[in-house]
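So the chains spell out like this:
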Amino acid sequence: MLNEQNRNEFLQTIAQQLGRPVAHTPQPQPTPVNDLAKTRLANLSQDELCNAFTEFAQTQMVKCVVTKPNDLINSLIELCESYDCQGSVVMSGDQRLHDLGVTQAMSEKYETYVWDPQLGYDNITHAERSQIGIVFAEAGLTESGGIVLFSSPEKGRSVSLLPETSIVILRKSDILPRVAQIAERLHKMAQDGIRMPSCINLIGGASSTADIELIKVWGVHGPVHAAYLIIEDC
């Protein structure tokens, strides 16, 4: 009872200082003046979304390659070679990479480590020693040129954050207009009772900062290089 009395007195004091009555229930949200949060860029075709997505990503120092499913492995190896890959490669344990033949192809070509949740901290040690990290993205965001990664035990965050170069594989059909659309996907997952990811990462390219005198510096606290390998839909 004393705590409730103290709370009421506290709220009354604040209300008096603000010159308004004490409010015990929140006011309803005002009606939005427009629905651009959901509709901006939503009228574009998938080809137009892909073009706009890659154009913006390239302004953020991201190399973008669009490839057909049958050319995926060759395109990926060419990307790795463009970064003069001499060291090891770390890959997410994502089943989609395995199904596409990426895991096997990289293991045959390079010294490759696949993220294994059973090995705990050893995964991070391998990631920080690897030259290239390869992950599969849940979505691309046209408005920002960024990608969305869901974390889970087999898809550790370190794969895309610690290596010098981060290569993100993405299906063209998963390029969305903006954050509102990925939020809708997450909402539907929750409604369907699907387990939510432990972490949702929205990554806009190679790491950079402009904290010091507004001078843009790349690769300060994460990958120096970033690339998107976009798979055309069949």
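Residues numbered from 1 in each chain as written. Predicted model: local features only at pLDDT ≥ 70, side-chain atom pairs only at ≥ 80, totals over all residues. Heavy atoms only, no water.

As annotated in an unreviewed UniProt entry, the protein chain carries the name L-lactate dehydrogenase subunit and comes from Proteus hauseri ATCC 700826.

A. Local environment of the packing of helix 4 (residues 72–82) against helix 6 (residues 102–109). Between helix 4 and helix 6, whose axes approach to 10 Å, the crossing angle comes to 45°. Here helix 6 runs oblique to helix 4, going by the angle between their axes. Once helix 4 is placed against helix 6, the crossing between them reads as right-handed. Contacts between helix 4 and helix 6 involve Leu72, Ile73, Leu76, Ile77, Cys80 and Glu81 from the first element and Val102, Ala105, Met106 and Lys109 from the second. Tallied by class, residues from the contact of helix 4 with helix 6 come to eight nonpolar, no polar and two charged. (Axes fitted to C-alpha atoms, helices over the stretch in contact; angles between N-to-C directions. Helix = DSSP H or I, 4+ residues; strand = E, 2+ residues; numbered from the N terminus. Parallel < 35°, antiparallel > 145°, perpendicular 65-115°, else oblique. Left-handed = near helix turned anticlockwise from the far one by under 90°. Contact = heavy atoms within 4.5 Å. Nonpolar A, V, L, I, M, F, W, Y, C, P; charged D, E, K, R; others polar.)

B. Spotlight on helix 7 (residues 122–129). Taken as a whole, helix 7 has its buried residues at Asn123, Thr125 and Ala127. Elements that come into contact with the buried residues of helix 7 comprise strand 2 (89–91), strand 3 (112–114) and helix 8 (158–161). (Buried < 20%, exposed > 50% of the residue type's maximum accessible area, 1.4 Å probe, protein only.)

C. Examining the side chain of arginine 178 more closely. Mapped onto the fold, arginine 178 is located in the loop between strand 8 (175–176) and helix 9 (179–191). Looking at arginine 178, its side chain comes within polar contact range of the main-chain oxygen of alanine 37, at 2.6 Å. (Polar contact = N/O pair within 3.5 Å; in protein donor to acceptor, adjacent residues only side chain to side chain.)

D. Highlighting the nonpolar core. Phe53, Ile147, Ile175 and Tyr228 are the most contacted members of the largest nonpolar core, which totals 22 residues. Every element with two or more residues in this core is listed here: helix 3 (46–59), strand 1 (62–67), strand 6 (146–151), strand 7 (165–171) and strand 12 (225–231). By residue number, the principal contributor to this core is helix 3, which donates four residues. Aside from chain neighbours lying at most four places away, what touches isoleucine 147 is Phe53, Ala137, Ala139, Gly140, Val168, Leu170, Asn201, Leu202, Ile203 and Tyr228. By size, the runner-up hydrophobic cluster in this structure holds 21 residues, among which are Leu76, Ile167, Ala227 and Ile231. (Core = buried A, V, L, I, M, F, W, Y, C linked by side-chain atoms within 4.5 Å.)

E. Looking closely at the sheet that holds strand 4 (residues 132–136). In spatial order, the strands read 1-12-7-4-2-3; together these six strands make up an open sheet with parallel pairing. A strand with exactly one partner marks an edge of an open sheet, and here the two such strands are strand 1 and strand 3. Direction aside, neighbouring strands of the sheet carry axes that sit 20° apart on average. Pairing of strand 4 with strand 7 involves five bridges; the strand directions are parallel. (Pairing = 2+ DSSP bridges.)

F. Seen up close, the environment of isoleucine 132. As for its placement among the helices and strands, isoleucine 132 is situated in strand 4. Spatially, the C-alpha atoms of isoleucine 132 and glycine 19 are 59 Å apart, while their sequence positions differ by 113 residues. Residues contacting isoleucine 132, with those up to four places away along its chain left out, are Cys80, Cys85, Ser88, Val89, Val90, Pro163, Thr165 and Ile167.

G. Main features of the pairing of strand 12. Taking burial as the measure, the seven residues of strand 12 include six buried ones, the bulk of the element. When strand 1 meets strand 12, the two strands line up parallel, connected through six bridges. Among the inter-strand pairings, threonine 67 is bridged to a residue of strand 12, identified as isoleucine 231.

H. Region of the structure containing the state of the cysteines. Under the criterion given, the structure shown has zero disulfides. Left unpaired, cysteine 50 is separated from the closest cysteine sulfur, that of cysteine 64, by 8.3 Å. With no disulfide of its own, cysteine 85 lies 5.4 Å from the sulfur of cysteine 80, the closest cysteine sulfur. Judged by its relative accessible area of 7%, cysteine 85 is buried. (Disulfide = S-S within 2.5 Å.)

I. Main features of the sheet that holds strand 9 (residues 199–203). Pairing is mixed in the open sheet, where four strands are placed in the order 8-5-6-9. The sheet is open, and its two borders are formed by strand 8 and strand 9, each paired with just one other strand. Across three bridges, strand 5 (residues 139–141) lies against strand 6 in antiparallel orientation. If you follow leucine 141 over to strand 6, its bridge partner there is glycine 146. Seen against the sheet, helix 9 touches strand 5, strand 6, strand 8 and strand 9 and runs at an angle of roughly 20° to strand 6.

J. Expanded view of unusual backbone geometry. Even without a glycine there, the phi angle at methionine 61 is positive, about 65°. Even without glycine at this site, aspartate 84 takes up a positive phi of about 55°.

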